[in-house]
Amino acid sequence: MMGAFLRLAGVSVRYGPVRALREVDLEVGPDELLVVLGPTGAGKTTLLRAIAGLEAPATGRIEMGGEEITHWSPAKRDVALVFQNFSLYPDWSARRNLEFPLKALGRQLSPAQIAERVAWAAELLHIGGLLDRPAARLSGGEMQRVAIGRCLVRRPRLFLFDEPLTNLDAKLRETLRVELALLRRRLGIPMILVTHDQAEALSMGDRLVVLDQGRVLQRGTPEEVYRRPLSPLVARQLGQPRINLIEVRAEAGYWVAGKGVRVLEAGGGEERMLLGVRPEDLLPSGGPDPARVRVVEDTGPVQILLADWGGCPVHLLVGHERRYAPGDQLFPKARPGGVLLWPSSAAS
Amino acid sequence: MSFLCLRGLEKTYPDGTRAVGGIDLECGEGEFVVLLGPSGCGKTTTLRMVAGLETPTAGCIEVGGGEITSLPPGARDVGFVFQFYALYPHLRVRENVEFPLACMGVKKADRRQRASEVLQRLGLNSLAELLPEQLSGGDQQRVALARAMVRRPRLYLMDEPLGTLDVELRLELRELIRAQQLETGVTTLYVTHDQEEAMSLADRVVVMEGGLIRQQGPPDQVYDRPADLFVAHFIGSPGMNFIAGQVRAGRFAGEGWSLPLAQVFPDGPATLGVRPEYLRLDPEGPLRGRVAMDEYLGACRYLYLDTPAGRLAVRVEGEGGRAVGEEVGLSAEMGRVRLFDPATGRGR
């Protein structure tokens, strides 16, 4: 990337014999939100800690704003780290919590400047009405907003978010997800957000990095990674319900699965493959071989069907043109262009 | 014919906090009922009173026609699954699952047999001889489910059993719980804050807020015909859009826009509720808006539009992302909207 604000090149972090990060390359643009997705233990938090200067890399180099900062102290880097646990001072008012980082030693701000910064952050985060309330009397969502505000007032050069929404109720998570994405357009401060939540990963970032066991598996826009995952491992991490992965074999011009159901016309190639098709790309009718609906989940705008297709369990995501019930017969058809194929050895 | 019956059930703590404000609830035999609401709505307290872990301040609880309000937990014949696994750390997986049977005095050979069946069904066979600490969080929760399911109690009580798990596991165990419950036909009371989980599991959803029941009914009914603004917003992800305006001569109108109503409502101020999937991008539509945010979710996306009627979320299937700032037209499926009384928040 031209003009990257933050650049990691070959960064590795070891905890004793454990390699928490393995030669990670990563770039964040000056106005960009980068989301890092990975399961527990993928190295997401270690990555943020290395960028914040809380872990020393064993190898590699970190640059920010054109300078190498690999060995800078955390304070000199001027980055803000927001954790999933809010860690506010419970007896202090929201206002005092927000003022605190501005009154820290070494900052030469006048009371008027401090008040102006607090008002600015409060307006951005919609917490103007809460400033005089003790932190302990705020709701979870309000606390997390104040916690973000406490980093915001410093106007750091870079924001690092460590699963900031994980401890919140589903409804609040959804609201704050949208707010945070809107907020950062107004801020113009680069951000990295790490999460294990696929909806956050798809919806919040300009670009997405998928991390697993300390290694970058794929990077790209959320749409690229969703539509064209490089491996089944990546494909499974995005999408809800998750992608259907079906072992297929070439038989008489078709990719055939389970007890002989024809999934797709085969274009030749290997004898055995792993076929991936997302639930929204598996249509309920139009295919040559039947499947039987086992479970129907109505989630509101769509129905999720779990069907048995020649011994293979498959998920379909369908609208409400028709109501389905267990026992219904389908003739699944993979949407052309919605199918991914990998060598069967890629399954593991 | 109701099997579990709560009458005027109330819980007020000594400090005066009223967690549950006198609720009435009837569950049919074999019914899967989900208590849904934000933190602090009283759902968990209600469940704990049914389990016998909290003593009600007023009201009574009946199961199968007999009152159990003051029975100790052990005498209620319920299977309880908590959010945190609560396995016996010194017992192997198999022993954990056999434990409830041993307490009932089931003979050793029978215990073995029944535990093996359940372990097999939950895919835990290969882990039977391990200790809980050797298992992942998902597997520990699976064992907790197995332990509840090895008996056929009169009631299953589940308190956010999937709350701490990764998305993928949550979906898998959700289907497992539903399939198992359908098979055994044991009446189940299930608590969650996740509306999608509630919608997909429940025969009946009970939406709670502030210690009271706001609405109860089958998922599609609660989704399509929410009783008030709270339910309309809470159910659905994102929730229903609200537009303030006036009903006048068969149209719903505001500053510079108006929509034709499909049903007859009395003239006057009203709040119109419309789900994101019943709004459509339509160059000829009666509302104009600008894209504030494009929230990509893989199978679909939500566009957040700033319009003269406020900020509205629109569900768009498949491709079709829009640039922030782009101007679009918008229309609504007027047969699917709800009108609410702006003063009371109740549906009309």
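Residues numbered from 1 in each chain as written. Chains lettered and ligands numbered in written order. Predicted model: local features only at pLDDT ≥ 70, side-chain atom pairs only at ≥ 80, totals over all residues. Heavy atoms only, no water.

Counting its regular elements, chain B contains 8 helices and 20 strands. A principal-axis box enclosing the C-alpha atoms of chain B has dimensions of 75 × 45 × 35 Å. For chain B, buried positions account for 56% of its 348 residues. Expressed as a percentage of contacts within chain B between residues at least 6 apart in sequence, the contacts between residues at least 24 apart total 65%. When the accessible surface of chain B is summed, it comes to about 14,400 Å², and 49% of that surface belongs to carbon and sulfur atoms. Between the mean site of the 39 positive side-chain charges and the mean site of the 46 negative ones, chain B shows a separation of 3 Å. (Helix = DSSP H or I, 4+ residues; strand = E, 2+ residues; numbered from the N terminus. Buried < 20%, exposed > 50% of the residue type's maximum accessible area, 1.4 Å probe, protein only. Contact = heavy atoms within 4.5 Å. Areas by Shrake-Rupley, 256 points an atom, 1.4 Å probe, with all protein chains shown as cover. Lys, Arg positive; Asp, Glu negative; His and termini not counted. Charge placed at Lys NZ, Arg CZ, Asp CG, Glu CD.)

In this chain, Gln240 of chain A is followed by Pro241 of chain A through a cis amide linkage whose omega measures -5°. For Pro241 of chain A, the location among the structural elements is in the loop between α9 (232-237) and β11 (244-251). In this structure, the amide linkage connecting Ser237 of chain B to the following residue, Pro238 of chain B, adopts the cis form with an omega of -5°. With respect to the helices and strands, Pro238 of chain B occurs in the loop between α8 (229-234) and β11 (241-248). Of note, the phi angle at Glu160 of chain B is positive, near 45°, even though the residue is not glycine. Residue classification places Glu160 of chain B among the buried positions, given a relative accessible area of 11%.

Attention now moves to the domain arrangement of chain A. Interfaces are often described in size by the accessible area the parts lose on coming together. Residue and element names in this part refer to chain A. Assigned domains within chain A: domain 1 (6-231) and domain 2 (244-347). The distance between the C-alpha centroids of domain 1 and domain 2 comes to 39 Å. With both sides pooled, the region where domain 1 packs onto domain 2 buries about 510 Å², and carbon together with sulfur makes up 42% of that total. Sorting the residues of domain 1 by area buried against domain 2 places Tyr226, Arg227 and Pro229 first, and these three jointly supply 80% of that buried surface. Here Asp281 and Arg227 are joined by a salt bridge, their closest N and O atoms 3.0 Å apart. Where domain 1 touches domain 2, the interface holds 4 residue pairs in polar contact (both at pLDDT 80 or more). Looking at the side of domain 1 that touches domain 2 residue by residue, the classes come out as 3 nonpolar, 1 polar and 2 charged. (Domains from an automatic or database assignment. Buried area = accessible area lost by both parts, 1.4 Å probe. Salt bridge = Lys/Arg side-chain N within 4 Å of Asp/Glu carboxyl O. Polar contact = N/O pair within 3.5 Å; in protein donor to acceptor, adjacent residues only side chain to side chain. Nonpolar A, V, L, I, M, F, W, Y, C, P; charged D, E, K, R; others polar.)

Glancing now at the pairing of strand β4 (residues 58-63) of chain B. All names here are of chain B. Pairing of strand β1 (residues 2-12) with β4, which is carried by 5 bridges, proceeds in the antiparallel orientation. Bridging across to β4, Leu4 finds its partner in Val63. The loop that links β4 with its antiparallel partner strand β5 (residues 66-67) comprises 2 residues; one of these, Gly64, has a positive phi angle of about 55°. (Pairing = 2+ DSSP bridges.)

Another aspect to go through is the sheet that holds strand β8 (residues 191-195) of chain A. What holds strands together in a sheet is hydrogen bonding between their backbones, with the strands either parallel or antiparallel. Residues and elements named next belong to chain A. Strands sit in the order β6-β7-β8-β3-β9-β10 across an open sheet of 6 strands; the sheet is mixed. In this open sheet, the two strands that pair with only one neighbour each are β6 (79-82) and β10 (215-220). The mean angle between the axes of side-by-side strands here comes to 20°, regardless of whether they run parallel or antiparallel. Here 5 bridges tie strand β9 (residues 207-212) to β10, and the two strands are oriented antiparallel to one another. (Axes fitted to C-alpha atoms, helices over the stretch in contact; angles between N-to-C directions.)

Turning to the domain arrangement of chain B, a few remarks are in order. All names here are of chain B. Structurally, chain B comprises domain 1 (2-228) and domain 2 (238-340). Using only C-alpha atoms to locate each centre, domain 1 and domain 2 end up separated by 39 Å. At the boundary of domain 1 with domain 2, total buried surface from both sides reaches about 570 Å², with 40% on carbon and sulfur atoms. Summed over the three residues of domain 1 that lose the most area to domain 2, namely Tyr223, Asp224 and Pro226, the buried surface amounts to 72% of that side. If you look at where domain 1 meets domain 2, you find 1 salt bridge. Residue Arg336 is joined to Asp224 by a salt bridge in which the shortest nitrogen-to-oxygen separation is 3.8 Å. At the junction of domain 1 and domain 2, the tally comes to 3 residue pairs in polar contact (both at pLDDT 80 or more). Residue composition of the side of domain 1 that touches domain 2, by class: 3 nonpolar, no polar and 3 charged.

Before going further, it helps to spend a moment on the nonpolar core. Residue and element names in this part refer to chain A. Core analysis: the largest hydrophobic core is formed by 49 residues, its most contacted members being Phe159, Phe161, Leu187, Leu208 and Leu238. Both domains that meet at this core, namely domain 1 (6-231) and domain 2 (244-347), each give it at least three residues. Aside from chain neighbours lying at most four places away, what touches Leu208 is Leu34, Val35, Leu37, Ala201, Gln218, Arg219, Gly220, Pro222, Val225 and Leu238. (Core = buried A, V, L, I, M, F, W, Y, C linked by side-chain atoms within 4.5 Å.)

Another aspect to go through is the side chain of Arg145 of chain A. Residues and elements named next belong to chain A. Take Arg145: it is sitting in helix α5 (residues 140-152). The exposure class assigned to Arg145 is buried, which follows from its relative accessible area of 13%. Beyond its immediate chain neighbours, meaning those up to four positions away, Arg145 contacts Leu125, His126, Ile127, Leu172, Leu176 and Glu179.

The next point concerns the packing of aromatic side chains. Think of a pair of aromatic rings as described by two things: how far the centres are apart, and how the planes are tilted against each other in angle. Counted by the stated rule, this structure contains 10 aromatic pairs over all chains. When the centroid spacing of 5.3 Å and the interplanar angle of 10° are considered together, the rings of Phe159 of chain A and Phe161 of chain A count as stacked. Classification of Phe159 of chain A by relative accessible area gives buried; the value is 0%. For the pair Phe230 of chain B and Phe234 of chain B, a centre-to-centre distance of 5.6 Å together with 15° between the ring planes defines the contact as stacked. (Phe/Tyr/Trp six-rings, centres within 6.5 Å; stacked < 30°, edge-to-face > 60°.)

Attention shifts here to the pairing of strand β21 (residues 339-343) of chain A. Residues and elements named next belong to chain A. The two faces of β21 differ: Leu340 and Trp342 on one face are buried, but Val339, Leu341 and Pro343 on the other face are not. Two elements, strand β14 (residues 272-277) and β21, share 5 bridges in a ladder whose sense is antiparallel. Across the sheet, Leu275 pairs through a bridge with Leu341, a residue of β21.

Another aspect to go through is the interface of chain B and chain A. Between chain B and chain A, the residue contacts involve 38 residues of the former and 35 residues of the latter. A combined buried area of about 3,300 Å² lies between chain B and chain A, and 53% of that area is made up of carbon and sulfur atoms. On inspection of chain B and its partner chain A, the count reaches 4 salt bridges. In this structure, the salt-bridge partner of Glu295 of chain B is Arg177 of chain A, at a minimum N-O distance of 2.9 Å. Only α5 (167-184), α6 (195-201), α7 (219-224), α8, β16 (287-296), β17 (300-307) and β18 (310-317) of chain B provide two or more residues apiece to the side of chain B that touches chain A.

A few words on helix α6 (residues 170-187) of chain A. Across its 18 residues, α6 of chain A extends 26 Å between first and last C-alpha, which sits within 8% of the 26 Å expected from 1.5 Å per residue. Where burial is concerned, most of α6 of chain A is hidden: 13 out of the 18 residues are buried. (Expected span 1.5 Å × (residues − 1).)

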